[in-house]
Every structure is written in structure tokens, then in C-alpha cells.
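Fold and contact review
So the chains spell out like this:
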Amino acid sequence: MRRTRILTVLLALAAGLLAGGPPTALAAEAPKTALAADTYTWKNARIDGGGFVPGIVFNRTEKDLAYARTDIGGAYRWEEGTKTWTPLLDHVGWDDWGHTGVVSVASDSVDPDRVYAAVGTYTNDWDPGNGAVLRSADRGATWEKTDLPFKLGGNMPGRGMGERLAVDPHDNDVLYLGAPSGNGLWRSTDAGVTWAEVTAFPNPGDYAQDPSDTSGYASDNQGIVWVTFDESTGTAGAATKTVYVGVADKENAVYRSTDAGATWQPVAGQPTGYLAHKGVLDAENGHLYLAYSDTGGPYDGGKGRLYRYATGTGTWTDVSPVAEADTYYGFSGLTVDRQNPGTVMATAYSSWWPDTQIFRSTDSGATWTQAWNYTSYPTRENRYTMDVSSSPWLTWGANPSPPEQTPKLGWMTEALEIDPFDSDRMMYGTGATIYGTENLTNWDDEGGRFAIEPMVRGLEETAVNDLAAPPSGAPLLSALGDIGGFRHTSLTEVPSMMFTSPNFTSTTSLDFAEANPDVVVRAGNLDAGPHVAFSTDNGANWFGGTDPSGVSGGGTVAAGADGSRFVWSPQGTGVHFTNGFGTSWQASAGIPAGAVVESDRVDPKTFYGFKSGTFYVSTDGGATFTPSAATGLPAGDSVRFKALPGGKGDIWLAGGATDGPYGLWHSTDGGATFTKLPNVEAADTIGFGKAAPDATYQTLFTSAKIAGVRGIFRSTDRGATWTRVNDDAHQWGWTGAAITGDPRVYGRVYVATNGRGVVYGDTAGTDPGPGPGPTPTGACTVTYTVTNQWAGGFQADVRLTNTGTSAWNGWSLGWSFTGGQQVTQMWNAGHTQSGTAVTAKNVGWNANVPPGASVGFGFTGSWSGANATPTSFKLGDQACKQA
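The following paragraphs examine the structure supplied in this document. Quick caveat, the model's predicted, so the values are computed rather than measured.

Rules and cut-offs
Residues numbered from 1 in each chain as written. Predicted model: local features only at pLDDT ≥ 70, side-chain atom pairs only at ≥ 80, totals over all residues. Heavy atoms only, no water. Helix = DSSP H or I, 4+ residues; strand = E, 2+ residues; numbered from the N terminus. Rg over C-alpha atoms; globule rule 2.2 N^0.38 Å. Buried < 20%, exposed > 50% of the residue type's maximum accessible area, 1.4 Å probe, protein only. Contact = heavy atoms within 4.5 Å. Areas by Shrake-Rupley, 256 points an atom, 1.4 Å probe, with all protein chains shown as cover. Lys, Arg positive; Asp, Glu negative; His and termini not counted. Charge placed at Lys NZ, Arg CZ, Asp CG, Glu CD. Polar contact = N/O pair within 3.5 Å; in protein donor to acceptor, adjacent residues only side chain to side chain. Pairing = 2+ DSSP bridges. Patch = residues over 30% accessible without salt bridge, like charges linked within 9 Å, V, L, I, M, F, W, Y side chains within 5 Å. Salt bridge = Lys/Arg side-chain N within 4 Å of Asp/Glu carboxyl O. Phe/Tyr/Trp six-rings, centres within 6.5 Å; stacked < 30°, edge-to-face > 60°. Lys NZ or Arg CZ within 6 Å of the ring centre and 35° of its normal. Disulfide = S-S within 2.5 Å.

Let's talk about the overall build of the protein chain
Along its length, the protein chain carries one helix and 71 strands. At 28 Å, the protein chain has a C-alpha radius of gyration in line with the 29 Å of a compact globule built from 883 residues. Along the three orthogonal principal directions, the C-alpha set of the protein chain runs to about 80 × 70 × 65 Å. In the protein chain, buried positions account for 60% of the 883 residues. Expressed as a percentage of contacts within the protein chain between residues at least 6 apart in sequence, the contacts between residues at least 24 apart total 56%. On the protein chain, roughly 30,100 Å² of surface is accessible, and the fraction owed to carbon and sulfur atoms is 49%. Across the protein chain, 57 positive and 88 negative side-chain charges occur, with their mean positions spaced 4 Å apart.

So, in C-alpha cells, the structure goes:
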């Protein structure tokens, strides 16, 4: 339930890190030096949602084709077969990180294979690059890009209005794009390849959330906010004659062209004093519905109205479900049932308390019913049921007093769509997830209830600030914007609850005691309450500490190696230390406020700090710090460093900026001296994982630029050589916040993203080749699961369990396909395929499987017949039971 996204702050810092001119992405790139590379498979540590979904778009001519846009986490396509979302913009790289913010999506109703995305995160200088329009002819599998001469704001105020991008339903080479910042209305006549301003359009908008904001964030003109075609005024192959456009102008919010965009006029008689968030046309009945709010949203809005405009007569009718005096919110979410066009629905998007409201009319707005009503205040009766068992953290661990309930129906509910092919299916976006129902028409039955549940699996939209992978307990702990963070006991299942007691709005830093991983500390932001919290059971349960005077934000925090002391560098005051769990803090001497702090992973009294080019060392538990004599370190504060587990005084430091020292440094003497690695041009994070089978030093991971290439890199030889482990299809924009390997699984790496959640990668390891495999004896069980499927392709996970009494020292699992399937890539196992027969074999690190234990691997493949599950599996010559 957050009113802002953490990226407002985070990317202000990132913009400084990424300062410089925007890249010319369409120009030919310089030849790249050959790099060592490994084949990794990438997945999300499941959270399911976690951020604002301002737009959902259904294709109007193909059933089950839908897209969702997020403000910072890219765009997604709905997969009906698995009821999941597939990310479409993971290819966006470091230099174009702003293109992970999606201001609008348009699906072509003439050619459903075509889809477009208008991308760009900020219109002020936080994002150094301009916006772009991406176009795809294969439903987002691949993209081409046209750069724009202005910025777009996927994470700016007003981002829930729309859609700003639209395809002509009759001549699909024609598209319109509404621009912010006074840049007007733009049009393409060649399917998005080139764009030109519609100079005849008279009004670029004039509304800004806060004109006095000197940062340029809230003071930006929100511009042209939606485009809607009247499909009844055109014929196939000819441009649609009548087009409506919404403008961020409270006096003239709606314009119309009746000559295919040659001329434009404000629609006569329109209401004033409000912004038109949405304009949805029911062409069958000749009704243009408009949702109005007094502000641009997505979190503000105190008054609103719903209007119906009769396109044939020019008559305006106020069809608001409640009197204006009774609104304390604006309207935004707006949809028409295409199967029954007289049915229209809308949301009170900015009703934060006690809940959002959804309205429904089956008579074109003449009368309305509500998703919930008061019976006798504060008791309310809901017309729906909610089941969040698939995303249990959506309750926020709250126990509110009536009329507030948990889970909430939602907040920031600006996206609302009824499936144009199915009157029973509706989806709507909130500030944290996508909810949906598949029995919506139960709403209209006397005493009926429609069932709401999350429809968000596969859509991961959290901003990740920090990560920790303890050597025991949960494999991963995450520090997140907006929803605090999680203890991930499983990477493939949604955690039951975020960190609570206290529940930070954003967790900025976390750490565990290396020698006692049950002791965990986190720091974060909170409107009222402590900004630091402790756990003694590996993050399962928490209790708040006490803030020193002046604390205003989380900052960074470090746990001593044995968990007996902590050092904290919060926002608002200087660095402090404590013995015990933060009931009493004392100011540290010798280190400036705002320093980044970390702990030595061996000596419980040694802590480190960094600020403005100087490294600091404390050997008395954080009471006093001494500046190191080391020189040549980055001058700014875009630095992250860590001490190596098991190596006293072994420190790696990454960071810098393009206008100064930038790269990766190593110290083996506790920070007294540092050596810059000559083979790393730029680095922003550093983390450690399990050593390679033939190595004794832990594996290094970094988000860096090496040999001219930006990527995620691994080194098994202390940084002497590096292997790129991601690829151009898996870049996730900006990955400069945190990275860590897994101390228990060789090769596994966890990467923090700016809106795509926590992604983790596993290496395919060494292919054992086609020779005979091991032949373990004893019983076995196989679970084979298709986790994703699309036209001609699929992804599957396989879990092999030793249900016998003897350990396996190597394994080889065989099966046969029956539907023309071919394995294209396998991870965590080597494989061969001959015809229909497939053999998967262990790699070095997962050969040993004790009784009762299991091993998992996955693969992607193609299919041409029916993608049926194999009917039998054999471990060598032993048949396995199928679970």
C-alpha cells in the first residue's frame, strides 16, 4: 500500500552513475572483443507482482491475447495455457535502462502478431536517455526500436492514464502517440518505423502535479494522455475518420478529429475542472465513456466524475455512480463489456481508505452497483470473495479494524479490463499485483458473489536494493522497495509474508552474521516507527530496534561476524554502533555521515566504511574508524563493497563513474591498500558464491563492463579471468544495486534489478557427453512439470528423487518424447537426444544424491505435435515412479 515507487529515489542516484549522452542505439556497434561465456538459465525468485501495474490491454480480434505494462518493470504477454505472464523486455540493456519503464502498450487488432510499446522512465534528468517506440511482429518475442526526440515517463505522475499509444483499427500502419512535457501528439504511418508530430493538434496539455517542484518530476506537463479510435467511422485499409484524444488540461480535456487527424477541435459541451484519465468507446451504442479525476494520479485524487458522450448527438450525460459531494477519490479504471456493450465498469482508483471501489452498470450508466457497500457502518457487505493463497503476502500481515479489510480490494486501480471475448473474465491492476475473476457476471445475480484472486504469476515487478545468501537457513534474503523484502525459503514458491514487525515501506540494506547466520539485521524507511530491525531466527521473525536521534531513513547496516554488535549508517544522522540488538546506539568517531558500512566476515570487531573516495576501518566494533591511506579509489559515492567470507581483511570494492576512477578493486590487507583489476573497465556490484569444484577461492560475481561488454560476470580465479553468464536476451536494464552468489550451489548467482525483481541464474555445468552414464540402484521418483508453453515451444522442470536406501554417486535419467519434442537447452544437467530418446546426466556439483534427497534440472524445447508428458522414466535400467 505504497503511494510512491522507490525508483523515484533510487534512479536519481542511478542517473548520476549513468551520466552522459544517450546512446545511439540504431547505429552500428563497434566490434566486441571475444569473451568467455557460459550458458545459464534465468528465472525469478518468485514474489509474484510487487509493484504498480498501470495498464492491461486485450487484443480486440484474437481471444486470450493480452498484455500488461508496468511503470518500471517492462511489459508482459499473457499465456492462457499456463495462466502466467511472460516478460518481453528483458533484453533492455544497461545503457537503455530507462526503457524498462513502459508508458503505453498497443496490440494490433488487424494483425495480432504486431505489438508496440512506448518506453522511457523519467522525463526529467533522472533518465539521461530519450524515450522510444518498440515494435514487434512476433508478439514481443523480438523487437525493433525507433528512438524519439523527447523523453517518456513510465514512472512519472499521470502514468495510469491512457493508453497513450494506439493502432488504427482499420489501417494498422497508422499509430498515434500522446507525448508528455508539451511535446504534443505524434503519428506514424509506417507501422511505427518513423514518427512525426501532428502539427495540427492544437493543445499539448498544461497540467502538472506540482509546478513548483524544482526536480522536474512533479512539475512536468503530463501532456497527451490517451487516444481512442471510433471504429464505426472507417473501412478496412483506410484510416479511421473519427479519433478522440485526451489532454491533461482541465478546461479542454477531450479533442476530436473527424477527418483522420487532419484537423482537431475540442469536443463541444464537455465538462471542465477535471482531467480525463480514460476515454473508452462503445461504438455499437455510440457512447464514449470518460473517467475524470481532479488530479493526474496514480496515488492522488480527491474528486471525480464519470461522463457518457453520445457520439451521434453530441449530448453529454453525467453518469457518475455517486454524487460529486460524496466522492473523495477520482475515477480512472474504465472498461466496456464488448460482448454486452451496455455493461460498463469503473474504479475509484484513489480511494485508499477503507478500500478501493469498483462500480458496474448494465444499462449504459443509468444505474450502478458497487463491489462493496456498508450495511451498518463500519460493517460492509462485499459482492465478491478474495483468495490470495497464491500470493499470501498480499494481506500485509495486517489485522485492520472495520471497515478496512485485508486483503484489500486494491489501491491505485487505474487498469481495469473486461476480456472482450469473455464477459466473465476481468483483470485489474493495483499498486502491488494484478487481480482477476473468471465469474464476473455473478456480480449481477441477487446475492451472488464473484471470486477474485491474483492473476499475476510470472509478472515480477520489485525494485531490489540489497541481497544476502546465508550459508545456512533460507537460501536468500531480499531487501525491496515498496514491499520491504522477504525470506525466500524456496526460490520457486511465493513467500508467505514480507518482513514485518516492523514492516518497512522500503528496506534499504540487510546483513547477517557470517558465523551465526540466524542473526540478521535490516534497515529501511518507515513513516512512523523504528528504521532498524533484528532477527535471531534467520529472518523468520523480527523485532524493531531503537533509532538514534535524527534518523530519517534506512541507509546501510552491517552485522558483526558473530552477531554480537552492529554498525549502522542511517540517513539523517551519523554512523552509529551498538553492542546487542540496537536498544542503545553510540556515535562512531572518525567516519563521516552517509558512509557505506560493511563488516569483516571473520573478525567480529572489524568493520569497514567508504565515503567520497576514502576507505575507513574500525577494529573496536565500530566505536572508532581510521581512514585508510589507500588512494585511487572512486571519488564519488556510487560504490558497493564486501568482505570475503572466511578471509579476514579480504575486501572487494566496485563502483565509480565515467568521469573518474571506475572499476573493481581488491584488498588483502584489510583496506590498507587496494589494487585495481586491469581487466575490468567498470563494475558496480560484487558478490561471492561457492568455489568451483577445482578451486579453493570463492567464486566472484559482478555486474560490470569487461572487454567492452556490459553484463553479469563470474570469475573462479580471483578475477584473473572472467566469464559472461548472462546474454543479450537477459539484461534487465540497470543491475547496479546488488549481486551475490550462492554459498551452497556452485555457479548460482542472484541479481538485483530495478523493477524485474530478483533474478537468479544457474549454469548448465559441464556436459558429461554421450558416453555411458552411471547406473545407480534403488527406487526413484520423477516429477515432470511443463512450467511454460507457447506456440512451438515450451519450458519444463524435472525433479528426480532418490527414494531408495543407498546414495547415488552420479545419475542418468532417460525418457522418450511422443509429440515431436526436441530439447534445445538444458540446465543443471547435461543431455543428449537421439530421435525421441532423451538422456539427462548429472553435472559435477549435483552427482551425489543421498537417500531421500532430490535433484532438479530444467530445459527448454520445441514441439510440433502434442506436447504430452513422457509416460515413463528410467534411472539407468531402473524404472522410476512418476509423481
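Regarding the side chain of Arg135
Within the secondary structure, Arg135 sits in strand 9 (residues 132-136). At a separation of 2.9 Å, a polar atom in the side chain of Arg135 contacts the side chain of Thr146. In this structure Arg135 touches Val115, Tyr116, Thr142, Trp143, Glu144, Lys145, Thr146, Ala191, Gly192 and Val193, once residues within four positions along its chain are discounted.

A few points about the environment of Ala323
Mapped onto the secondary structure, Ala323 falls in the loop between strand 22 (316-318) and strand 23 (334-336). Judged by relative accessible area, Ala323 falls into the partly exposed class, the value being 42%. Ala323 sits 84 residues away from Ala239 along the chain, and the two C-alpha atoms are 40 Å apart.

Comments concerning the pairing of strand 50 (residues 651-656)
Counting buried residues in strand 50 gives six out of six residues, a clear majority hidden from the surface. Of the strand pairs in this sheet, strand 49 (residues 639-643) and strand 50 are connected by five bridges, and their pairing is antiparallel. Bridging across to strand 50, Val639 finds its partner in Gly655. Across six bridges, the pairing between strand 50 and strand 51 (residues 662-667) is antiparallel. Residue pairing for strand 51: Ala654 is matched across the bridge by Leu664. Between the antiparallel neighbours strand 50 and strand 51 lie five residues.

With respect to a nonpolar patch on the surface
Where nonpolar side chains cluster on the molecular surface, the patch consists of Trp353, Tyr374 and Tyr377 and spans about 360 Å² of accessible area. Classification of Tyr374 as partly exposed rests on a relative accessible area of 36%.

Here's the deal with the environment of Leu275
Structurally, Leu275 is set in strand 19 (residues 275-282). Between the C-alpha atoms of Leu275 and Met161, which are 114 residues apart in sequence, the distance is 9.6 Å. In contact with Leu275, not counting residues within four places along its chain, are Tyr207, Ala248, Asp249, Lys250, Ala291, Tyr292, Ser293, Thr295 and Gly296.

Structural notes on the sheet that holds strand 25 (residues 357-361)
The four strands are arranged 23-24-25-26 in an open sheet whose pairing can be described as antiparallel. Two strands lie at the open edges of the sheet, namely strand 23 and strand 26 (369-370), each paired on one side alone. In the sheet, strand 23 pairs with strand 24 (residues 344-348) via three bridges, with the strands oriented antiparallel. From the neighbouring strand, Val336 faces strand 24, where its bridge partner is Val344.

Digging into the sheet that holds strand 51
Read from one edge of the open sheet, four strands run 49-50-51-52, paired in antiparallel fashion. At either margin of the open sheet sits one strand with a lone partner, and together these are strand 49 and strand 52 (675-676).

Description of the packing of aromatic side chains
Both the distance between ring centres and the angle between the ring planes are used here to describe each pair of aromatic rings. Under the definition given, this model contains 48 aromatic pairs. Judged by centre distance (5.6 Å) and plane angle (85°), the ring pair of Phe543 and Phe581 falls under edge-to-face. Linking Phe543 in strand 40 (residues 543-544) with Phe581 in the loop between strand 43 (576-579) and strand 44 (586-587), this pair joins segments that are 38 residues apart in sequence. Taking relative accessible area as the criterion, Phe543 reaches 33% and is therefore assigned partly exposed. Residue class for Phe581 comes out partly exposed when judged on its relative accessible area of 29%. Ring geometry for Trp811 against Phe857: centres 5.7 Å apart, planes inclined by 20°, an arrangement best described as stacked. One end of the pair, Trp811, is in the loop between strand 63 (808-809) and strand 64 (812-816); the other, Phe857, is in strand 69 (residues 854-862), with 46 residues separating them in the sequence. Taken as a pair, Trp811 and Phe857 share a single burial class, namely buried. One aromatic cluster is present, built from ring pairs that chain together Tyr784, Phe794, Trp811, Trp815, Phe817, Phe857, Phe859 and Phe873. A cation sits over an aromatic face here: Arg380 above Trp372, 4.2 Å from the ring centre. Just above the ring of Trp94 sits the side chain of Arg710; from NZ or CZ to the centre is 3.7 Å.

Some details on the state of the cysteines
Working definition: the covalent bond between the sulfur atoms of two cysteines is a disulfide. Applying the stated rule across the entire model yields one disulfide. The disulfide bridge from Cys780 ends at Cys880, spanning 2.0 Å between sulfur atoms. As the torsion about the S-S bond is roughly -95°, the Cys780-Cys880 disulfide counts as left-handed. On the criterion of sequence distance, the pair formed by Cys780 in strand 61 (residues 780-790) and Cys880 in strand 71 (residues 878-882) is long-range, its members being 100 residues apart.

A short note on the environment of Ser188
Following the sequence through the fold, Ser188 ends up in strand 13 (residues 185-188). Taking the relative accessible area as the measure of exposure, Ser188 reaches 0% and is therefore buried. Residues Ser188 and Phe331 lie 143 residues apart in sequence; the distance between their C-alpha atoms is 31 Å. Apart from residues no more than four positions distant in its own chain, Ser188 is found in contact with Asp173, Val174, Leu175, Val193, Thr194 and Trp195. Among the polar contacts listed, one links the side chain of Ser188 to the side chain of Asp190, at a separation of 2.9 Å.

Examining the side chain of His488
As for its position among the elements, His488 is in strand 36 (residues 484-488). In this structure the side chain of His488 is engaged in a polar contact, spanning 2.8 Å, whose partner is the side chain of Ser478. Aside from chain neighbours lying at most four places away, what touches His488 is Ala45, Arg46, Ile47, Ala474, Pro475, Leu476, Leu477, Ser478 and Pro495.

So, unusual backbone geometry
At the junction of Gly162 and Glu163, the peptide bond is cis and its omega measures out at 10° in the coordinates. In this model, Ser181 sits at a positive phi of 65°, which is unusual for a non-glycine residue. Take Ser181: it is sitting in the loop between strand 12 (175-178) and strand 13. Using a relative accessible area of 30% as the deciding quantity, one classes Ser181 as partly exposed. A positive phi angle is found at Ser501, which is not glycine, with a value near 55°. With respect to the secondary-structure elements, Ser501 resides in the loop between strand 36 and strand 37 (506-513).

What to know about the pattern of salt bridges
The tally for this structure, following the rule as stated, stands at 35 salt bridges. Measuring nitrogen to oxygen at the nearest pair gives 2.5 Å for the salt bridge that ties Lys83 to Glu80. When its relative accessible area of 34% is taken as the criterion, Lys83 is described as partly exposed. For Glu80, a relative accessible area of 24% puts it in the partly exposed group. Across the pair Arg135 and Glu144 runs a salt bridge whose closest N-O atoms are separated by 3.9 Å.

Some words on the pairing of strand 4 (residues 66-69)
Residue alternation in strand 4 divides its side chains into two sets, Ala66 and Ala68 and Tyr67 and Arg69, and both sets are buried. As paired elements, strand 4 and strand 5 (residues 75-79) share three bridges and run antiparallel to each other. Along strand 5, the bridge assignment pairs Tyr67 with Arg77. Connecting strand 4 to the antiparallel partner strand 5 that follows it, the hairpin turn spans five residues, and Gly74 within it adopts a positive phi of roughly 85°.

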